[in-house]
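Tertiary structure, described
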Amino acid sequence: MNSLIDKYNIPGPRYTSYPTVPYWDETTFSPEKWRDSVIRSFHESNAEEGISIYIHLPFCEALCTFCACHKRITKQHSVEIPYLESVLKEWKLYLELFEERPKLKELHLGGGTPTFFSPKNLKTLLEGIFETVDIAEHPEFSFEGHPNNTTKDHLQTLYDLGFRRVSFGVQDYDPKVQKAINRIQSYEKVKEVTELAREIGYRGISHDLVFGLPHQNWEAMEHTIRKTMELKPDRLAFYSYAHVPWVKGVGQRGFDENDLPSGEEKRRLYEDGKKLLEDLGYIEVGMDHFSLEHDDLYQSLIQKKLHRNFMGYTSSNTQLMVGLGMSAISDSWYAFAQNVKTVEEYQKIVEEGQIPVVKGHILDEEDLTVRRHILNLMCQLETTFTDKNSFPGLENALEMLEEMERDELVEIYDNQIKITEKGRAFTRNVAMVFDLRMMRNKPETRIFSMTI
């Protein structure tokens, strides 16, 4: 296994979309084409599964130096109401595109730190959206909570509004690691908010753990996992730290690169961490994600209904996802669009009555075909095709997959590719073989994190 990791541990996308953002073709994109794609997707899907909304809440009181998200650091909570008013105005601009009332299936509050906002202001935001939509049967409403500032009032307010899932960012319990990434939070605090959520009635509690952080070693990682098991969250994200200091504004120079675990050390964190999670009863559902058997994520995997989008893995498969807020990304299946990346510009454009997209991509027929194959691989660990001429590039993909078959990472059949149990760790690598846009224009400099 070690030699395989050495061989396949290369920079690569996480495939929350295809094409990936660096390969969006902005020359064919326009706000008008984006609006047309939204209208098309809404009409095709709203009456069936409904739509998803992602709301980006970018404010944080302190900078976590491992974070690559778009955020704004401030302790001034006077920013809350003006920002949320802009989000509601942006949503109104989307409502004007729809000829009927949307059916809301999935809603996620991400960041930044959603719990930076007061429960009262979050309630005002959400009620402003809910009064314009019909709630689908069995909706999936979730939010990201910072253990240090998620209060009982936050949890109860959001629960009363229909939220049943919450994800707490734990990362690591080692004080030395926490200091390096500027994320100081105690096990006791995580325990408190986890138990509060459970008492209130949340049925989907998740903890995020990260391996590959500065100063991490296996002894500390094992301690973090075992402490996490004492709280028994319903699901876990076990992420590889994405060291991308070249991305502007990520704040990933808060530690020396020599403080990061070596390749061999990081490999052990991953392999032993995964084995320990499985020994403790967690099942690997998708790349980086584990859950207990009762959780919806695992049930979706078994039923072959697992989906993946910019929010990560989800048990809801909606064709249209509207991203609201600064830097939010939207997906109409036929196109992607990303909003402007500063709060001031976002609010200014919304005030002018314009949907604040700054860039995007219109998928052509080849993109749609490749996207389906990559999504199948990421969610179901297999994909099928009618013949080897199904789309341009498949023949080349199969040639590259033959080496992976020799390494026992995939099984190749006449019209099907299956990722083996051994190959699960290399899912991103298998998907990359199908990534025609990247194959035709391989980056000269590193633009992705390492695959393992």
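Below you will find a few notes about this structure. These numbers were taken from a predicted model, which means no experiment stands behind them. (Residues numbered from 1 in each chain as written. Predicted model: local features only at pLDDT ≥ 70, side-chain atom pairs only at ≥ 80, totals over all residues. Heavy atoms only, no water.)

**A word on the nonpolar core**
Membership of the largest hydrophobic core comes to 66 residues, with the highest contact counts inside it found for Y15, L277, I374, L401, M404, V410 and F434. The greatest single-element share of this core, amounting to seven residues, is contributed by helix α12 (residues 365-380). Residues I51, F163, A335 and I355 belong to the second largest nonpolar core, which totals 56 residues. (Core = buried A, V, L, I, M, F, W, Y, C linked by side-chain atoms within 4.5 Å. Buried < 20%, exposed > 50% of the residue type's maximum accessible area, 1.4 Å probe, protein only. Helix = DSSP H or I, 4+ residues; strand = E, 2+ residues; numbered from the N terminus.)

**Quick look at empty space enclosed by the protein**
One pass over the structure, following the stated rule, counts three cavities of 30 Å³ or more. Considered as a void within the structure, the second largest cavity measures approximately 70 Å³ in volume. A total of four residues in the lining of the second largest cavity trace back to one element, the largest contributor, which is α12. Tallied by class, the residues present in the lining of the second largest cavity amount to five nonpolar, two polar and two charged. (1 Å grid on protein atoms, 1.4 Å probe; cavity = no way out; pocket = protein on both sides within 12 Å on 5 of 7 lines; lining within 4 Å. Points joined across faces, edges and corners; volume = space filled by probe spheres on them. Nonpolar A, V, L, I, M, F, W, Y, C, P; charged D, E, K, R; others polar.)

**Brief notes about helix α8 (residues 218-231)**
Spacing of three or four residues puts side chains on the same side of an α-helix, whose turn is 3.6 residues. The terminal C-alpha atoms of α8, which comprises 14 residues, lie 20 Å apart, in line with the 20 Å expected from a rise of 1.5 Å per residue. Those residues of α8 that sit buried are W218, A220, M221, T224, I225, K227, T228, M229 and L231. Each element contacted by the buried residues of α8 is listed here: β6 (165-171), α7 (187-200), β7 (204-211), β8 (235-240) and α9 (263-279). Its side-chain oxygen 3.3 Å from the backbone nitrogen of E219, N217 forms the N-cap of α8. In the segment just after α8, K232 is the residue with positive phi, at about 45°. (Expected span 1.5 Å × (residues − 1). Contact = heavy atoms within 4.5 Å. Polar contact = N/O pair within 3.5 Å; in protein donor to acceptor, adjacent residues only side chain to side chain.)

**Considering the sheet that holds strand β19 (residues 416-419)**
In space, the three strands of this open sheet follow the order β17-β19-β18, with antiparallel pairing throughout. Each having just a single partner strand, β17 (382-384) and β18 (410-412) make up the two edges of the open sheet. The mean angle between the axes of side-by-side strands here comes to 10°, regardless of whether they run parallel or antiparallel. The pairing of β17 with β19 spans three bridges and is classified as antiparallel. Counted as the bridge partner of E382 is K418 from β19. (Pairing = 2+ DSSP bridges. Axes fitted to C-alpha atoms, helices over the stretch in contact; angles between N-to-C directions.)

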